[in-house]
Amino acid sequence: MSTVPKIVDITTTPARPARAFLRDVIDTMARIHRDQGRSIFALTAPNRRAGTSYVVNLLAEELVSQFEATVGIVPAAAFKGVDATRIPQGFVEHAPNIWTAVSDQTLENMPDFALEGVCVSSGGSHCDFILIDCPALDCSSQALRSASIADGIFLVVEAGVTRTEQIEAAVRLLDAPPARRLQGIILNRRTYPIPKFLYQLL
């Protein structure tokens, strides 16, 4: 197994919002984007309720803010009825330059008037970045299937809840050959049980 990428702690403090801690993740995404011109990233967690959707939305906002990029978010529901190795065709803009994918089935059943707000593009080709919001590994294999089309994978873990053995098992799954696309581990929801200045001295 390759060396596990460093952990990025995005815990919010009064002085800095969570997005300020995303610099390493954003830099990794930007580097891959520069090399390829367009990038697809999958985010998942070892266990449910780790905050993957929260992290996906923070990343989307930050990519738009820093690079004026167009970002497509693909929630798990958008893969309904289709193979998770194919990005859906329809996207609805829910914030400036942030588009959310809808399932192909939903797109087919939309009335004509609703289609005016939908961008139909092959695999989200109108987006600079695609962020796939995958279900947790303990309840779905979608992340493993989506990994085949992703340029990078990030693992979201919940501080104090996700167990060490769950993280190790997830890293083995996501960083296994031939892909080896695990780019980093994002630590979410850490609390400071002791004052921060004391924590820093430990």
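No experiment lies behind these values; they were computed from the predicted model shown.

(A) Here's a closer look at the overall build of the chain. Per the secondary structure count, the chain includes six helices and nine strands. By the burial criterion, 48% of the 202 residues in the chain qualify as buried. Pairs at least 24 apart in sequence give 73% of the contacts found in the chain among residues at least 6 apart. For the chain, the computed accessible surface area is about 10,200 Å², with 53% contributed by carbon and sulfur atoms.

(B) How the structure looks around the confidence of the model for the chain. Averaged over every residue, the pLDDT of the chain is 83; residues scoring 70 or more account for 83%. Mean pLDDT per element in the chain: helix 6 (residues 196-199) is the minimum at 47, and strand 7 (residues 129-133) is the maximum at 97.

(C) The arrangement of helix 5 (residues 164-174) in detail. The set of residues buried in helix 5 consists of Gln166, Ala170, Val171 and Leu174. With its buried residues spanning 135° around the axis, helix 5 presents them on a single face. On its buried face, helix 5 sits against strand 2 (39-44), helix 4 (142-146), strand 8 (152-158) and strand 9 (182-188).

(D) Broad picture of the pairing of strand 3 (residues 71-75). Counting buried positions over the five residues of strand 3 gives four, a clear majority of the element. Two elements, strand 3 and strand 7, share five bridges in a ladder whose sense is parallel. The residue of strand 7 that forms the bridge with Val74 is Ile132.

(E) View of helix 1 (residues 23-36). The end-to-end C-alpha distance of helix 1 is 20 Å, a good match for the 20 Å that 14 residues give at a rise of 1.5 Å each. Buried within helix 1 we find Val25, Ile26, Thr28, Met29, Ala30, Ile32 and His33. Gly37 sits one or two positions beyond helix 1 and adopts a positive phi of about 90°.

(F) Quick peek at the environment of Ala143. Looking at the secondary structure, you find Ala143 in helix 4. Separated by 31 residues in the primary sequence, Ala143 and Leu174 place their C-alpha atoms 8.6 Å from one another. With sequence-adjacent residues up to four places away left out, Ala143 is seen in contact with Thr44, Cys134, Pro135 and Leu137.

(G) Inspection of the packing of aromatic side chains at higher detail. Taken as a whole and judged by the stated rule, the model has one aromatic pair. Plain terms: the ring middles of Phe41 and Phe154 are 6.1 Å apart, the flat faces sit at 50° to each other, and that makes the pair tilted. Of this pair, Phe41 sits in strand 2 while Phe154 sits in strand 8, and the two are 113 residues apart along the sequence. Accessibility assignment for this pair places Phe41 and Phe154 in one class, buried.

(H) Representation of the pattern of salt bridges within the structure. Under the criterion given, the structure shown has three salt bridges. Across the pair Asp138 and Arg48 runs a salt bridge whose closest N-O atoms are separated by 3.7 Å. Of this pair, Asp138 sits in the loop between strand 7 and helix 4 while Arg48 sits in the loop between strand 2 and helix 2 (52-67), and the two are 90 residues apart along the sequence. Note that Asp104 and Arg86 form a salt bridge whose closest N and O atoms lie 2.9 Å from each other. Of this pair, Asp104 sits in helix 3 (residues 104-109) while Arg86 sits in the loop between strand 3 and strand 4 (90-95), and the two are 18 residues apart along the sequence. The class for Asp104 is buried, based on a relative accessible area of 12%.

Cut-offs applied
Residues numbered from 1 in each chain as written. Predicted model: local features only at pLDDT ≥ 70, side-chain atom pairs only at ≥ 80, totals over all residues. Heavy atoms only, no water. Helix = DSSP H or I, 4+ residues; strand = E, 2+ residues; numbered from the N terminus. Buried < 20%, exposed > 50% of the residue type's maximum accessible area, 1.4 Å probe, protein only. Contact = heavy atoms within 4.5 Å. Areas by Shrake-Rupley, 256 points an atom, 1.4 Å probe, with all protein chains shown as cover. pLDDT = per-residue confidence, 0-100. Arc of directions from axis to C-beta. Pairing = 2+ DSSP bridges. Expected span 1.5 Å × (residues − 1). Phe/Tyr/Trp six-rings, centres within 6.5 Å; stacked < 30°, edge-to-face > 60°. Salt bridge = Lys/Arg side-chain N within 4 Å of Asp/Glu carboxyl O.

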